[in-house]
Each structure stands twice: as structure tokens, then as C-alpha cells.
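Structure at a glance
The chain contents come next:
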Amino acid sequence: MKTLTSTILVISIAVSLMILSPRTTFAQDKTVGKLSISEIPSAGGKTYVTVNGENAEDGRSIIFPAEMTTPSNIEARVSIPDAGYINISANSKLSLAYDNSTISGTLQKGEFVVFSNPNVSVRFSTPDGIVTIPVTDKLSRFEVTIVDGKTTVYSIFGSTRLNNVTVPAGEFYPNPNEDKVTKKSGNNSLIYLGIGGAILAGILVALISSSSDNGSVVSPVR
């Protein structure tokens, strides 16, 4: 009888501990991300990023929430099962969380790209705003950059909202022609200028050639 009573008591204590410590008991049910890092060619230096104050190398599991910092020579990706992934550029500081089909966090500096799967909402804070994607049945992807405390959003596909402004796919907000914008907008501007210059040069050459040909055929009126 004593043995049975002792067994029941032990089981009761174990069940109580499980109820009072869900964090330990159900830790395996929490979504865990996976870290991938890549070194910028010819940069050299550190081969890790900082996660919650600790050095983390390629392949490490990420338990949310996590605060991540990338050095000047490392870019990182955090993949979240069934939700998408986040690419974090070098020289960035980002807090990241995932819960109940929502990717969220805060970008303090730098740049990141979010790729979210259907039925996943996104919400990130920046020094001067809130970037969101509501729940949708489509894939979404956008880039956020902070320069001098100002946020620029580029919607790659799917619309994004910065504060109360909707940014359609393929567009920047604010205007990418302003000073100190993202690298992509700068590169695109150079491409557009180059194409425009080539077209203009071609037109001028054609006009000059046409004028020269006409001058050699038609005699002046005397």
C-alpha cells in the first residue's frame, strides 16, 4: 500500500511540474529557425553573426525571439519552416520573432529582405515607422533599408505598407530618386540612365548621318 501511495505521489508531482513549466515541457513544439551565413567575397574577418549576445556560426538553430547582429563581412539568412525566410545584410541589427503565423521584429540599423509564405502576416518596427504585410493567400517579398534613421521600403512582389502608405509591387517608398537610398534603387537609376543615354546617342547619330547623306545628293538652289 505504501508503494502504491508513493507511486501516485511521484506521478502527481511530475504532472504538477509539467503544468507549471510549459516552457520546458513544450519547448519542442516551438518553431525553430535555421541560420545560414555567407561571407562577402574578399572581405575577410569574422565568420559568424551574433545571436542574443553569443557568436553563432552557419547551421545553428535559432530560437525565437532572437536579436541578431551581422558584422561588416557577413550576410545571414534565417529560415522559418512553413513561414518563409529573412535575409539580413552585413552591418545590420535586427530583432526577430515568430509566433502564430506572424513574423515580427525591429530593425535598428542596416537592411533586410523578408520572403513570407501565404497566410503569414509580417510586422516590423523601424526608427521612424511600422512595416506590415497583412495575411494574404499569396507570396510576399519586400526589402527594408535604414539610412540615417530613415526607412525606405521596396516591394519586390506583393504590396507592403509603411505606416499608412501602401507600396505596390515593384515600387519604392519614399521616392528612390532622393538622396541616400538603397543600393538597388541606385543601381536601377544607373541602368535607366545608361539605356536612356544609349537611345539618345543613337538618335543623334541617325540624324547626323541623315543630314550628311541629304547634303551629298541634293544640290543647293542657285
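So, a few notes on the structure that sits alongside this text. Just so you know, these numbers come straight off a predicted model, no measurement behind them. (Residues numbered from 1 in each chain as written. Predicted model: local features only at pLDDT ≥ 70, side-chain atom pairs only at ≥ 80, totals over all residues. Heavy atoms only, no water.)

1. Quick look at the pairing of strand S1 (residues 32–39)
Put simply, the rule reads: For two strands to be treated as a pair, DSSP must find no fewer than two bridges joining them. Only runs of H or I of at least four residues qualify as helices and only runs of E of at least two qualify as strands under DSSP, and these elements are numbered from the N terminus.
In terms of strand pairing, S1 meets strand S4 (residues 61–63) through three bridges, oriented antiparallel. Bridge pairing in S4 links Val32 to Ile63. Examined bridge by bridge, S1 and strand S6 (residues 74–80) share six bridges and lie antiparallel to one another. Its bridge partner lying in S6, Ser36 is registered against Arg77.

2. Here we look at the pairing of S6
Applicable threshold: To sort residues, take the accessible area from a 1.4 Å probe on protein chains only and compare it with the maximum for the residue type: under 20% means buried, over 50% means exposed, and anything in between is partly exposed.
Residues Ile74, Ala76, Val78 and Ile80 point to one face of S6 and are all buried, whereas Glu75, Arg77 and Ser79, pointing to the other face, are not buried. Note: S6 against strand S7 (residues 84–88), five bridges, orientation antiparallel. Counterpart to Val78 in the pairing with S7 is Ile86. Between the end of S6 and the start of S7, which pair antiparallel, lie three residues, with Asp82 showing a positive phi angle near 65°.

3. Here's the deal with the packing of aromatic side chains
We count it as follows: Two rings from Phe, Tyr or Trp (for Trp, the six-membered ring) form a pair when their centres are within 6.5 Å of each other. A pair whose planes differ by under 30 degrees is stacked, one over 60 is edge-to-face, and the rest are tilted. Should the NZ of a Lys or the CZ of an Arg lie within 6 Å of a ring centre and within 35 degrees of the ring normal, that charge is described as sitting over the ring.
Applying the stated criterion across every chain, the model contains five aromatic pairs. Note on Tyr154 and Phe172: the rings are 4.3 Å apart at their centroids and 15° apart in plane angle, and the pair reads as stacked. Residue Tyr154 is located in strand S13 (residues 150–157), and its partner Phe172 is located in strand S16 (residues 172–173); the two are separated by 18 residues in the primary sequence. Each of the two residues, Tyr154 as well as Phe172, counts as buried. Pairwise contacts between aromatic rings join Tyr85, Phe115 and Phe157 into one cluster. Taking the ring centre of Tyr85 as reference, the NZ or CZ of Arg77 above it sits at 3.9 Å.

Keep in mind these numbers describe shape, not what the thing actually does.
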